[in-house]
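# Chain and residue survey
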Amino acid sequence: MVARYSYLSHLRCSACQRRYEADRLQTTSPCCSRPLLAQYDLSAVERDVARDEIARREASMWRYHELLPVREKAHVQTLGEGMTPLVAASRLAPPGLEKDARLLVKDEGQNPTGSFKARGMAAAVSRALELGAGGLVTPTAGNAGAAMAAYAARAGLAAIVVTPEDAPQTCIQQARIYGADVVLIDGLISDAGHTAASLARERGWFNMATLREPYRAEGKKTMGFELAEQLGWRLPDAIIYPCGGGTGIVGIWKAFAELRELGWIEHKRLPRMIIVQAEGCAPLVRAFEQGNEVAEVWPSKRASTRAAGLRVPSAIGDRLILQAVRESGGTAICVSDEAMIHMVRFAAYREGMLIAVEAAATLAAYHRLLATHFLAPTDETVLFFTGSGLPDIGKYSL
Ligand SMILES: *Cc1c(COP(=O)(O)O)cnc(C)c1O
Ligand SMILES: [Zn+2]
């Protein structure tokens, strides 16, 4: 029995469970036009891999390679993404509660390219290369384009990034310096999505839009594996995640399901999954509050927030995101841009952490949920600090 590098078996339509072949480039499911999710031969992984062997492996997300989609190690395009620190940060709790607060943050700003988008793109670019993509295109609100451009450079693939013209300049410049062609459009991420899809069609290149290909979610899934491993193979009481397209929350929820099936974590209650969005663009929060299974498109004219990663008026993974929130007993809330910016400063001077506005949204949500008693300070809570604040440092008029 030769151990395989990846135990990927097939893809599954997230709406109707129909099976699709994994070893060719796939987009959304032909049956339902919904995200395809990667499936693994988990009983073989259980047989071939000892959980505690993982601890001796390299300090990157590729330590979980059996549960990632790349078949051959030689195809892995890595810049060392993943295995970011999980840091205790009780001084980020509201003043007066620091002593009791069991607050941890996962510092994703330490990834290559400055955000957790590196994880998703490392997996998806590696797999696209393995399956013979001739070039890559992505729509982006900011960080995804920069991350794709970096991994495309590493893989020697040509890249086009399509982004709203008012996206953060730092992200646009970052994508350009990695050698991508950047197409600026007058519109939102959803408009960028249409342009990216037609550019991909014209050139015969592969479109890497969020959850419109199966593997970015697989890269982001490793945040869930790492969280469990870093806590000694157990999970916290609650997770707060800044939700845009939702690849991260879908990935993390999938990671927990896989870990349970492998028997690598206990079958006790999973964490409450809490998503936070911006007041100026909160389609999933509205759907959650109204009890809907899908989210209506947030009117473009009103989609406004300084948190570029959260300015996503419609998410193709809406069902999956809302399912994770509801099944876990979590919630969905929105916070103002002012609250986020306040929390950028607060995290910096209280704990020496310089975080992106999207990340700061999780901290604002944490404070609010303590105030409303949805969370207690003694609930072990993990905030996903999804990006570094360094690129935006010039914007805070200090
Ligand atoms: C993209 C992004 C998000 C949103 O992530 P999704 O997984 O797409 O919901 C949050 N924070 C930052 C910094 C981002 O770049
Ligand atoms: Zn289907």
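Going by the structure above, here's the rest.
Presented here is an overview of the structure given in this document. Here the residue index of a chain counts from 1 through its sequence in written order. In the order they appear in the text, chains get letters beginning with A and ligands get numbers beginning with 1. Whole-chain, interface and lining totals are the exception, using all residues; otherwise, since this is a predicted model, local features are given only for residues with pLDDT of at least 70 and side-chain atom pairs are given and counted only at 80 or more. Heavy atoms throughout the structure, all of them, feed into the side-chain values; hydrogens and water do not.

### Some words on the overall build of the protein
Rules: Helix and strand labels come from DSSP, where a helix needs a run of H or I of at least four residues and a strand needs a run of E of at least two; each type is numbered from the N terminus. In this analysis, two residues are considered to be in contact whenever any of their non-hydrogen atoms come within 4.5 Å of each other. We get accessible surface area from the Shrake-Rupley algorithm with a probe of 1.4 Å; when it comes to residues, only the shown protein chains can shield them.
A count of helical and extended segments in the protein gives 11 helices and 13 strands. Each of the three principal axes of the protein carries a C-alpha extent, and together these read 55 × 50 × 40 Å. At a minimum sequence separation of 6, the contacts of the protein that also span at least 24 residues come to 71%. Carbon together with sulfur atoms contributes 49% to the accessible area of the protein, which is approximately 15,400 Å² in total.

### Some points on the coordination of the zinc ion (ligand 2)
Rules: For Na, K and Ca the donor cutoff is 3.2 Å, while for all other metals N, O and S atoms count as donors only within 2.8 Å; water does not appear among the atoms, so some sites may look incomplete. Here a site with four donors is tetrahedral if all angles are between 85 and 135 degrees, and a site with four or six donors is square planar or octahedral if opposite donors are over 155 degrees apart and the other angles are between 65 and 115; anything else gets the irregular label. Using a 1.4 Å probe on the protein chains alone, a residue whose accessible area is under 20% of its type maximum counts as buried, one over 50% counts as exposed, and one in between counts as partly exposed.
Those donors, Cys-13 (SG), Cys-16 (SG), Cys-31 (SG) and Cys-32 (SG), are the protein atoms that reach the zinc ion (ligand 2), and they lie 2.3 Å from it. One can describe the site at the zinc ion (ligand 2) as tetrahedral: its 4 donor atoms subtend angles covering 103 to 114° at the metal. Counting residues between consecutive donors of the zinc ion (ligand 2) along the chain gives the motif C-x2-C-x14-C-C. Judged by relative accessible area, which is 0%, Cys-13 ranks as buried.

### Thoughts on the environment of Ala-3
Along the chain, Ala-3 turns up in the segment before strand E1 (8-13). By relative accessible area, which is 57% here, Ala-3 ends up exposed. Along the chain, Ala-3 and Asp-48 lie 45 residues apart, while their C-alpha atoms are 6.7 Å from each other.

### Some words on the packing of aromatic side chains
Remark: the centre distance and the inter-plane angle together describe each pair of aromatic rings, the angle taken between the planes. Keep this limit in mind: In summary, the pairing rule links any two rings of Phe, Tyr or Trp, Trp by its six-membered ring, whose centres are within 6.5 Å, and it sorts them by plane angle into stacked for under 30 degrees, edge-to-face for over 60 and tilted for everything else. In this scheme, the term charge over a ring applies when either NZ of a lysine or CZ of an arginine sits within 6 Å of the ring centre and within 35 degrees of the ring normal.
Here the structure, examined in full by the defined rule, presents 5 aromatic pairs. Where Tyr-64 meets Phe-225, the ring centres are 5.1 Å apart and the plane angle is 55°; that geometry is what we call tilted. Of this pair, Tyr-64 sits in the loop between helix H1 (42-48) and strand E4 (86-88) while Phe-225 is found in helix H6 (residues 216-230), placing the two residues 161 residues apart along the sequence. Like Tyr-64, the residue Phe-225 is buried in the burial classification. Among the aromatic side chains, those forming a connected cluster through ring pairs are Phe-116, Tyr-241 and Phe-384. Against the face of Trp-205 rests Arg-203, its NZ or CZ located 5.0 Å from the ring centre. In this arrangement the basic side chain of Arg-272 is found over the ring face of Phe-374, its NZ or CZ atom lying 5.1 Å from the centre.

### A closer look at the site of ligand 1
Selection criterion: Note on terminology: near, applied to a residue and a molecule or strand, indicates that one of the residue's heavy atoms is within 4 Å of it. Within 3.5 Å is the distance limit for a polar contact, defined as a pair of N or O atoms, with the added protein rule that one can donate a hydrogen and the other accept it, and that residues adjacent in sequence qualify only through two side-chain atoms. Under this grouping Gly is polar, as are all residues other than the nonpolar Ala, Val, Leu, Ile, Met, Phe, Trp, Tyr, Cys and Pro and the charged Asp, Glu, Lys and Arg.
As a matter of local geometry, ligand 1 sits amid 16 residues, with Lys-117, Tyr-241, Gly-244, Gly-246 and Thr-386 nearest to it. Gly-244 places a main-chain nitrogen or oxygen 2.7 Å from an oxygen atom of ligand 1. Separating an oxygen atom of ligand 1 from a backbone N or O atom of Gly-246 is a distance of 2.7 Å. Elements with a minimum of two residues in the shell around ligand 1: strand E10 (238-242) and helix H7 (247-262). Among the residues forming the shell around ligand 1, the class breakdown is 4 nonpolar, 9 polar and 3 charged.

### Some thoughts on the sheet that holds strand E11 (residues 272-278)
Strand pairing in a sheet is mediated by backbone hydrogen bonds. Such pairs are either parallel or antiparallel. Note the cut-off: At least two bridges found by DSSP between two strands are what make those strands a pair. Note on geometry: axes are lines fitted to C-alpha atoms, helical ones only across the stretch in contact, with angles between N-to-C directions running from 0 to 180 degrees.
Strand order in the open sheet formed by 6 strands is E4-E5-E13-E10-E11-E12, and the pairing between neighbours is mixed. In this open sheet, the two strands that pair with only one neighbour each are E4 and strand E12 (332-335). Sheet twist, expressed as the average angle between the axes of neighbouring strands with direction ignored, equals 25°.

### Remarks on the state of the cysteines
So the rule is basically this: Cysteine sulfur atoms are paired as a disulfide whenever they fall within 2.5 Å.
With the rule as written, the count across this model stands at 0 disulfides. Distance from the sulfur of Cys-334, which forms no disulfide, to the nearest cysteine sulfur (Cys-281) is 10 Å.

### Focus: the pattern of salt bridges
Short version of the rule: What counts as a salt bridge is simple: a side-chain nitrogen of Lys or Arg found within 4 Å of a carboxyl oxygen of Asp or Glu.
Tallying each qualifying case throughout the model produces 24 salt bridges. Here Glu-130 ties to Arg-127 by a salt bridge, and the two come within 2.6 Å at their closest N and O atoms. With Glu-130 and Arg-127 both in helix H2 (residues 117-130) and 3 residues apart, this pair spans about one turn of that helix. Neither residue differs from the other here; Glu-130 and Arg-127 are each classed as buried. Of the charged contacts in the structure, one is a salt bridge between Lys-221 and Glu-218, with a shortest N-O distance of 2.7 Å. Placement of both Lys-221 and Glu-218 in helix H6 is noted, with a separation of 3 residues, approximately one turn of the helix. We note that Lys-221, like Glu-218, is buried.

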